[in-house]
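# Chain and residue survey
Single-letter residue listing:
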Amino acid sequence: MNIEAINKATQFISEKLTEQPKLGLILGSGLGKLADEIANPIKIKYAEIPGFPESTVEGHEGQLVIGELKGATVLAMQGRFHFYEGYGLEQVTFPVRVMKELGIETVVVTNAAGAVNHSLEPGDLMLITDHINQTGANPLIGPNNQELGVRFPDMSTAYSAPLQQLARDVAKKLTMTLKEGVYVWNSGPSYETPAEVRMIGQLGGDAVGMSTVPEVIVARHAGMEVVGISCISNMAAGILDQPLSHNEVIETTERVREQFLSFVKEMIASMTDK
Ligand code: HPA
């Protein structure tokens, strides 16, 4: 991990800021609209930031949006980098390193995911209680820089227990149903086969997606707290007698977007109160 590159990007961003962000938001497929609600936004295109990869996937804007949301100064990634796009995991997680350098202590990660557990359904919000890395890849492979974190970081509380409880309390307050489960990272870009989906279920996974886990590993390595929410966009392959499509993923996230946005905003409000 190239500390100089991290510092350069951090300096570039901090020179544009008036307030120091404390909260990072990584917004997944169809969920980037949250960043449009940030007041007095400072927008920085990824392409402008030294060391940042450029986002390629459709439906992702590819910029940082920094400003006020529910009383907090937040830095939102409107669009993230995916392993399946061909980026190395160091690139995928580079923005998380920069968040840490900027002084961010907590990261909210969001994604769209396919339901493996049959008690989940499209449109559900799922609190991520833990994850399974199905890829065999890890963003920390390579020489460890002790300044960034320890060689063998503990992952027993990858998702903060107090923030999970805060998410449950917020759901109760908004009378929303918040499901819970284990998120499984598959590299993609092909969706899983029905046999893989059955296997994931047997291994203890509840939902499957193509992101989030590398960012969470790096955030924890860097000592930041993480809370994760999946928007269940479809039943995973083979559960229903129909093919999967990216359109379905986008349609579902658009359908539940308002609910999702209210939930995350209320979470930020509660986190700020603390
Ligand atoms: N599988 C993998 N990634 C996904 C899915 C899925 O079913 N839905 C949304 N992202």
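So, here is what we can say about the structure in this document. (Residues numbered from 1 in each chain as written. Predicted model: local features only at pLDDT ≥ 70, side-chain atom pairs only at ≥ 80, totals over all residues. Heavy atoms only, no water.)

## Quick word on the packing of helix α4 (residues 161-173) against helix α8 (residues 257-273)
Where α4 meets α8, the axes come as close as 9 Å, and the angle between the chain directions of the two elements is 120°. Taken together, the axes of α4 and α8 lie oblique to each other. Along this stretch, α4 crosses α8, giving a crossing that reads as right-handed. Between α4 and α8, the residues in contact are L163, L166, A167, V170, A171 and K173 and F263, E266, M267, S270 and M271, respectively. Of the residues contributing to the contact of α4 with α8, the split by class is eight nonpolar, one polar and two charged. (Axes fitted to C-alpha atoms, helices over the stretch in contact; angles between N-to-C directions. Helix = DSSP H or I, 4+ residues; strand = E, 2+ residues; numbered from the N terminus. Parallel < 35°, antiparallel > 145°, perpendicular 65-115°, else oblique. Left-handed = near helix turned anticlockwise from the far one by under 90°. Contact = heavy atoms within 4.5 Å. Nonpolar A, V, L, I, M, F, W, Y, C, P; charged D, E, K, R; others polar.)

## Notes on the site of the ligand
All residues in the neighbourhood of the ligand are listed as A112, A113, G114, Y191, E192, V208, G209, M210, S233, N234, L244 and V249. Here a nitrogen atom of the ligand sits 2.8 Å away from a polar atom, N or O, in the side chain of E192. At a separation of 2.7 Å, a nitrogen atom of the ligand approaches a polar side-chain atom of N234. Considered on its own, the ligand offers 260 Å² of accessible surface; in the complex 95% of this is hidden by protein. A majority-of-atoms criterion places the ligand in the largest pocket. Every element with two or more residues in the shell around the ligand is listed here: β5 (106-115), β8 (207-209) and β9 (225-235). Per-element accounting of the shell around the ligand gives the leading share, three residues, to β5. Across the shell around the ligand, the residue classes tally to seven nonpolar, four polar and one charged. (Near = heavy atom within 4 Å. Polar contact = N/O pair within 3.5 Å; in protein donor to acceptor, adjacent residues only side chain to side chain. Areas by Shrake-Rupley, 256 points an atom, 1.4 Å probe, with all protein chains shown as cover. 1 Å grid on protein atoms, 1.4 Å probe; cavity = no way out; pocket = protein on both sides within 12 Å on 5 of 7 lines; lining within 4 Å. Sits in = over half its atoms within 2 Å of the grid points.)

## Observations concerning the nonpolar core
The tendency in soluble globular proteins is for nonpolar side chains to be buried as a group. Of all hydrophobic cores here, the largest spans 49 residues; its most connected members are I13, F52, L64 and V98. Per-element tally for this core: the top contributor is helix α6 (residues 213-221), with five residues. Among all residues touching V98, those that are not within four sequence positions of it are I6, A9, T10, I13 and F52. Membership of the second largest hydrophobic core comes to 33 residues, among which are V65, L163, L178 and M271. (Core = buried A, V, L, I, M, F, W, Y, C linked by side-chain atoms within 4.5 Å. Buried < 20%, exposed > 50% of the residue type's maximum accessible area, 1.4 Å probe, protein only.)

## Topic: the pairing of β5
Among the 10 residues of β5, 10 are classified as buried, and the element is accordingly described as predominantly covered. Alignment of strand β1 (residues 23-27) against β5, held across four bridges, turns out to be parallel. Paired with L23 across the bridge in β5 is T106. Examined bridge by bridge, β5 and β8 share two bridges and lie antiparallel to one another. Note that in β8 the partner of G114 across the bridge is V208. (Pairing = 2+ DSSP bridges.)

## Observations concerning the pattern of salt bridges
It is possible for side chains of opposite charge to pair when their charged atoms get near one another. What the rule picks out here adds up to eight salt bridges. A salt bridge links E225 to R220, with the shortest nitrogen-to-oxygen separation between them at 3.8 Å. Relative accessible area serves as the criterion here: at 17%, R220 is assigned to the buried category. Here E254 makes a salt bridge to R257, at a shortest N to O gap of 3.9 Å. Its relative accessible area of 45% is what places E254 among the partly exposed residues. (Salt bridge = Lys/Arg side-chain N within 4 Å of Asp/Glu carboxyl O.)

## Re empty space enclosed by the protein
Under the counting rule described, the total for this entry stands at one cavity of 30 Å³ or more. The volume enclosed by the largest cavity comes to roughly 40 Å³. Lining the largest cavity, in full, are N234, M235, A236, A237, G238, I239, L240, Q242, L244 and E248. Residue composition of the lining of the largest cavity, grouped by class: six nonpolar, three polar and one charged. (Points joined across faces, edges and corners; volume = space filled by probe spheres on them.)

## Looking at the side chain of S211
For S211, the location among the structural elements is in the loop between β8 and α6. A relative accessible area of 6% means that S211 is categorised as buried. Reaching out from S211, the side chain makes a polar contact with the side chain of R80 at a distance of 3.2 Å.

## A closer look at the layout of surface pockets
When its volume is computed, the largest pocket comes out at roughly 370 Å³. Considering the residues around the largest pocket, the lining is formed by 25 residues, among which S29, A112, Y191, M210 and H246 are closest to the centre. Put simply, the parts of the chain that give the lining of the largest pocket at least two residues each are β5, β8, β9 and α7 (246-255). Looking at the lining of the largest pocket, the element that brings in the most residues is β5, giving four residues. Partitioned by chemical class, the residues of the lining of the largest pocket number 12 nonpolar, 10 polar and three charged.

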